[in-house]
Every structure is written in C-alpha cells, then in structure tokens.
Amino acid sequence: MKNKLKQIIGSSRLLFACRVFAEKNREALFLLPRLSSGRSDWHKLEPPLRVEVHALEKGMSIGAVRSGFGKAKAMELMAHLQRYCDVGGRREFVNECCSVIGQYIKFNKTLGANMEDIDKPFKAFCEKKEASIGNYGGIKEVREEDIRETLHQDFASFSQSRFAVRDFGTAPVSREQIENALKLAEKTPSACNRQSWKIHVYESDDKRLKMFQQQGGSRGFYEDMQYAILVCGDMNYYRFYELSQVYVDGGLYAMNLMYALHYQGLATIPLTMSMTMKKVKKAMKAMELPRSEMPILLIGVGSYKESFRVAKSERIPYKEYTTFDK
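Residues numbered from 1 in each chain as written. Predicted model: local features only at pLDDT ≥ 70, side-chain atom pairs only at ≥ 80, totals over all residues. Heavy atoms only, no water.

A. Structural view of the sheet that holds strand 2 (residues 197–202). Spatially, the four strands line up as an open sheet ordered 2-3-5-4, and their pairing is antiparallel. Across the chains shown, the open sheet's two edge strands, defined by having one partner strand only, are strand 2 and strand 4 (267–272). Taken pair by pair, the neighbouring strands of this sheet meet at an average axis angle of 25°, ignoring direction. Two elements, strand 3 (residues 227–234) and strand 5 (residues 293–302), share eight bridges in a ladder whose sense is antiparallel. Residue D234 lies in a different strand from strand 5, and its bridge partner there is E293. (Pairing = 2+ DSSP bridges. Helix = DSSP H or I, 4+ residues; strand = E, 2+ residues; numbered from the N terminus. Axes fitted to C-alpha atoms, helices over the stretch in contact; angles between N-to-C directions.)

Below is the structure:
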C-alpha cells in the first residue's frame with residue numbers, strides 16, 4: 001500500500017508542478033539579493049561593464065567589420081563607467097575599460113572612420129578621472145600555423161591556443177572532423193552518469209543559417225561558419241530540485257566538445273543560449289526541437305584563416321577568486 005501510494009504521488013503531474021513552482025520560488029528569493037540587476041554598488045555594476053567592454057573587443061575581431069562601428073555602445077559604456085566611478089569603483093578597472101575604449105577608437109581610425117565625436121569626450125573623461133590608458137584588452141593577431149603547432153603538444157599549450165573566432169576561412173570542414181570531435185566528447189562527465197545531452201548538428205545552409213539567426217549573437221560573420229552545433233539537455237533526466245543540473249551537465253559537454261573540435265584543427269565560437277524564455281521557446285519552435293530539451297549552448301564551427309584577429313579577452317588572475325583552506 002505504501003509503495004503504491006508513492007507511485008501515485010510520483011506520477012501526479014499536478015503535484016510535480018506544485019513542487020517545481022515551490023522550488024523555483026525559493027530559488028528566486030535566494031537569487032534576488034545576489035544578482036547585479038537593480039543594484040547600484042560598484043560590485044554589482046562591474047560585471048555588466050565587463051560585458052559592455054568585451055562587446056567592443058568582439059567587434060574589433062570580426063573580419064568584415066564596419067568602419068566606425070559601435071559608437072553608440074562606446075558612448076553608453078562611458079556613461080555607465082561614470083556611474084561606476086560615482087559609487088567608488090576600482091581605479092584599476094576604470095583604467096582597464098579606458099584602455100579598451102582607447103584601442104577601439106584607434107582601431108576605427110585605422111579603418112578611416114572619423115572618431116572626433118567620441119574621441120573628445122573620451123579624452124575629457126580620462127583627464128577628469130586621471131585614468132591611464134595602457135595595453136589592456138583589445139585585439140591581437142593570431143596565425144593558424146602557430147595554433148596547429150600546439151594541437152598535439154602538452155595540455156597547457158593546447159588549451160591556451162583555443163580562441164573564440166569571428167573571422168573564418170574558406171577551407172571546407174569535413175563531416176569526419178565533426179564526428180571525430182563528437183566521438184571524443186563521449187567521455188564527458190555528468191551527474192550520476194546521466195549523459196542527458198542531445199546534440200543537433202546543422203550543416204545545410206537553410207538550417208544552419210536559421211539557427212544562427214535565432215541565436216542572434218553572430219551578426220556580421222555567421223555566414224562564414226560551416227556548422228552550427230546546438231548542445232541541449234533533456235529535462236526528463238532530472239528531478240524537480242535538479243533543474244539547474246541540466247546547465248551544468250550541458251556546459252561540461254559543450255566545453256569538452258569545443259576542445260575536441262579544437263583538437264581537430266577547427267575554429268569555433270561559443271554562442272550563448274541564455275535568453276529570455278520567450279526567445280528560447282521561439283528558437284525551439286523554429287528549429288522543431290522536442291519540448292523536453294533545453295538549449296544550453298550554440299557552437300559555430302568553421303576553418304581558420306592563415307592570420308586573423310581575436311579579442312584578447314583578458315582573464316582575471318586565479319588568485320583573485322580562489323581561496324585555499326589552511
């Protein structure tokens with residue numbers, strides 16, 4: 001009788017829905033005071049500023065970049081940086097942001113753009129804040145030859161030679177290379193070995209371009225990528241209190257797959273699927289995905305050019321966010 005009651009309770013969709021809503025309500029109450037949105041102290045303002053700064057770096061790394069691109073974003077960034085300063089933000093971070101903005105202005109000038117309208121207020125801002133403009137962030141030139149030399153070396157060399165590419169070559173990518181990478185990614189760990197991932201590989205022009213358009217974060221270069229690989233997680237594999245685990249397992253798989261693609265000598269870029277649920281549902285409908293699958297990450301795949309630009313995407317030293325228990 002007891003086991004039968006458990007079975008009935010376990011199969012009740014109404015009870016399951018109530019448990020999900022209750023758990024998500026607790027999660028929302030837990031996250032609300034910890035998220036950056038709606039807060040004004042410098043700790044909360046810094047993360048979105050990093051996103052804005054990186055947007056300028058990404059723009060400079062696109063192959064067919066438009067001369068004078070991103071002026072509105074750069075002006076908005078300076079306004080947000082002013083607010084960050086007003087609440088006592090870190091001088092080091094202000095210098096880092098100003099360094100990227102300075103390189104952005106210089107880069108556009110080399111393309112022949114008139115940057116007077118942003119150069120003047122930027123110099124005035126730097127003078128007022130006593131900001132020093134160094135060589136932090138921006139872009140750098142990378143050669144395919146140098147990358148290929150690291151592919152079968154030690155892991156330190158291999159891992160540090162992977163970049164998010166936004167300027168792809170024209171050499172064809174073979175199905176065999178993709179399948180070899182997928183085979184390597186089979187070894188990805190997951191919670192209790194559930195292996196909940198569902199992978200959709202789009203190579204035909206209509207489906208591939210449609211997927212990139214649904215994601216919306218690769219405008220200006222998505223036509224040059226030969227494959228779109230969508231990493232999803234099947235929600236059927238998780239209990240009501242494990243719903244975030246799908247992103248953990250899917251994220252582990254996606255990173256492993258990107259390393260595997262890198263090992264095959266392919267250029268890749270991770271494209272986030274972290275969007276509003278309305279956009280996620282729209283993308284799922286457009287790509288005819290099963291209702292049980294949650295999109296985790298879209299990976300664009302192509303070939304390398306002999307030489308290309310990448311965003312430096314400076315990393316925070318591990319000592320700044322790591323603690324050792326003594």
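B. Structural view of a nonpolar patch on the surface. A grouping of I316, Y318, Y321 and F324 is seen on the molecular surface, where their side chains present a nonpolar patch of about 500 Å² in accessible area. Since its relative accessible area comes to 56%, Y321 is described here as exposed. (Patch = residues over 30% accessible without salt bridge, like charges linked within 9 Å, V, L, I, M, F, W, Y side chains within 5 Å. Areas by Shrake-Rupley, 256 points an atom, 1.4 Å probe, with all protein chains shown as cover. Salt bridge = Lys/Arg side-chain N within 4 Å of Asp/Glu carboxyl O. Buried < 20%, exposed > 50% of the residue type's maximum accessible area, 1.4 Å probe, protein only.)

C. Geometry of helix 4 (residues 71–86). Along its 16 residues, helix 4 runs 23 Å from first to last C-alpha, staying within 8% of the 22 Å computed at 1.5 Å per residue. Taken together, the buried positions of helix 4 are occupied by A74, L77, M78, L81, Y84 and C85. Projected onto a plane normal to the axis of helix 4, the buried residues spread over an arc of 115° and lie on a single side. Summarising the geometry of helix 4, the exposed residues directed more than 90 degrees from the buried face are A72 and D86. Buried residues belonging to helix 4 abut helix 3 (42–61), helix 5 (91–110) and helix 6 (116–129). Where helix 4 terminates, the next one or two residues include G88, which has phi positive at roughly 85°. (Expected span 1.5 Å × (residues − 1). Arc of directions from axis to C-beta. Contact = heavy atoms within 4.5 Å.)

D. Highlighting the nonpolar core. Judged by nonpolar contacts, the single largest core of 81 residues is most densely connected at Y104, L261 and I299. Take this core: its biggest share by element is nine residues, from helix 5. If we skip the residues at most four places from it in the chain, L261 touches I178, A181, I229, L266, T268, I299 and V301. (Core = buried A, V, L, I, M, F, W, Y, C linked by side-chain atoms within 4.5 Å.)

E. Expanded view of the layout of surface pockets. Of the voids in this model, the second largest pocket is the one considered here, and its volume is about 990 Å³. Residue lining of the second largest pocket: 23 residues in total, with M235, L243, R291, S292 and M294 positioned closest to the centre. Contributing elements (two or more residues each) for the lining of the second largest pocket: helix 2 (13–31), helix 12 (277–286) and strand 5. Taken together, the residues of the lining of the second largest pocket sort by class into twelve nonpolar, three polar and eight charged. (1 Å grid on protein atoms, 1.4 Å probe; cavity = no way out; pocket = protein on both sides within 12 Å on 5 of 7 lines; lining within 4 Å. Points joined across faces, edges and corners; volume = space filled by probe spheres on them. Nonpolar A, V, L, I, M, F, W, Y, C, P; charged D, E, K, R; others polar.)

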